[in-house]
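Residue strings, one per chain:
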Amino acid sequence: MLTAFVLIACESRRISEVAQAIAELPNVAEVYSVTGEFDIIALLRLSDYDSLDQSVPSGIAQIAGVTETKTVLAFRRYSRRDLAAGFDIGLS
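Described in the following lines is the structure provided in the data block. Quick caveat: nothing in here was measured; it's all calculated off a predicted structure. Residues take numbers from 1 onward in each chain, read along the sequence in its written order. In view of the model being predicted, local features appear only for residues whose pLDDT reaches at least 70, and side-chain atom pairs are presented and counted only at 80 or more, with totals across whole chains, interfaces and linings using the full set of residues. To get the side-chain values, take all heavy atoms of the structure and skip hydrogens and water.

**A word on the pattern of salt bridges**
Where charged atoms from two side chains of opposite charge come close, those side chains can pair.
Link 1 in the chain: For this document, the term salt bridge refers to a Lys or Arg side-chain nitrogen within 4 Å of an Asp or Glu carboxyl oxygen. Applying the stated rule across the entire model yields three salt bridges.
Link 2 in the chain: Across the pair Glu 11 and Arg 13 runs a salt bridge, and its minimum N-O distance is 2.5 Å.
Link 3 in the chain: The salt bridge involving Arg 14 is made with Glu 17; its shortest N-O contact spans 2.9 Å.
Link 4 in the chain: Its relative accessible area of 45% is what places Glu 17 among the partly exposed residues.
Link 5 in the chain: In this structure, a network of salt bridges that share partners links the residues Glu 11, Arg 13, Arg 14 and Glu 17. Three exposure classes are used, based on accessible area relative to the maximum for each residue type with a 1.4 Å probe and protein chains only: buried under 20%, partly exposed in between, and exposed over 50%.

**A few points about the sheet that holds strand E3 (residues 40–46)**
Link 1 in the chain: Reading across from one edge, E2-E3-E1-E4 is the order of the four strands in this open sheet, with antiparallel pairing throughout. Since the sheet does not close on itself, it has two edges, and those belong to strand E2 (28–33) and strand E4 (66–73), each with one partner. The average undirected angle you get between the axes of adjacent strands in this sheet is 20°.
Link 2 in the chain: Note on pairing: DSSP must find at least two bridges between two strands before they are called paired. Secondary structure elements are taken from DSSP: a helix is a run of H or I of four residues or more, a strand is a run of E of two residues or more, and numbering for both begins at the N terminus. When strand E1 (residues 2–10) meets E4, the two strands line up antiparallel, connected through seven bridges. The partner of Ile 8 across the bridge, within E4, is Thr 69. As a rule, the C-alpha atoms of each element are fitted with a line to give its axis, helices using only the stretch in contact, and angles between N-to-C directions run from 0 to 180 degrees.

**Observations regarding the pairing of E2**
When a strand is regular, its side chains alternate between the sheet's two faces.
Link 1 in the chain: In terms of strand pairing, E2 meets E3 through five bridges, oriented antiparallel. Paired with Ser 33 across the two strands is Ile 40, which belongs to E3.
Link 2 in the chain: Remark: six residues form the turn of the hairpin made by E2 and E3, two consecutive strands paired antiparallel; Gly 36 in that turn has positive phi of roughly 110°.

**A few points about the environment of Ala 64**
Link 1 in the chain: Counting through the fold element by element, Ala 64 comes out in the loop between helix H2 (49–55) and E4.
Link 2 in the chain: Separated by 47 residues in sequence, Ala 64 and Glu 17 have C-alpha atoms that sit 9.2 Å apart.

**Quick notes on the side chain of Ser 51**
Link 1 in the chain: Position of Ser 51 among the secondary structure elements: in helix H2.
Link 2 in the chain: Contacts between residues were defined by any pair of non-hydrogen atoms, one from each residue, lying within 4.5 Å. Excluding its chain neighbours within four sequence positions, the residues that come into contact with Ser 51 are Asn 27 and Leu 46.

**Focus on the side chain of Asp 39**
Link 1 in the chain: Its place among the elements puts Asp 39 in the loop between E2 and E3.
Link 2 in the chain: Buried and unpaired, Asp 39 has Arg 13 as its nearest opposite-charge partner, separated by 11 Å.
Link 3 in the chain: Engagement of the side chain of Asp 39 in a polar contact is seen with the backbone nitrogen of Cys 10, the distance being 2.8 Å.
Link 4 in the chain: When near neighbours in sequence (up to four residues on either side) are disregarded, Asp 39 contacts Ile 8, Ala 9, Cys 10, Ile 15, Tyr 32, Ser 33 and Val 34. Charge convention: Lys and Arg are scored as positive, Asp and Glu as negative, and His as well as the terminal groups of each chain are ignored. N or O atoms within 3.5 Å of each other form a polar contact, as long as, within protein, one can give a hydrogen and the other can take it, and as long as residues adjacent in sequence are counted only when both atoms are side-chain atoms.

What follows is the structure, encoded as structure tokens:
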């Protein structure tokens, strides 16, 4: 299972509309409106890289109002349980 974070810039007057459209797409687990350089972040759960192609360039990027996307793939998930067990993630 792949996890991807998609940072999305869109026309400011369409943020809510775009976020709702993204939330309806396959493989989209969560959608957030955020502050900063991007307007929306979508969390995707994917079975393979082909699904990523279908979800981002053929899906999210095609929604009216989307002006830019950047995708970040996750290598590993860290949870509170990992931290409680003393798992070192490089924090001092």
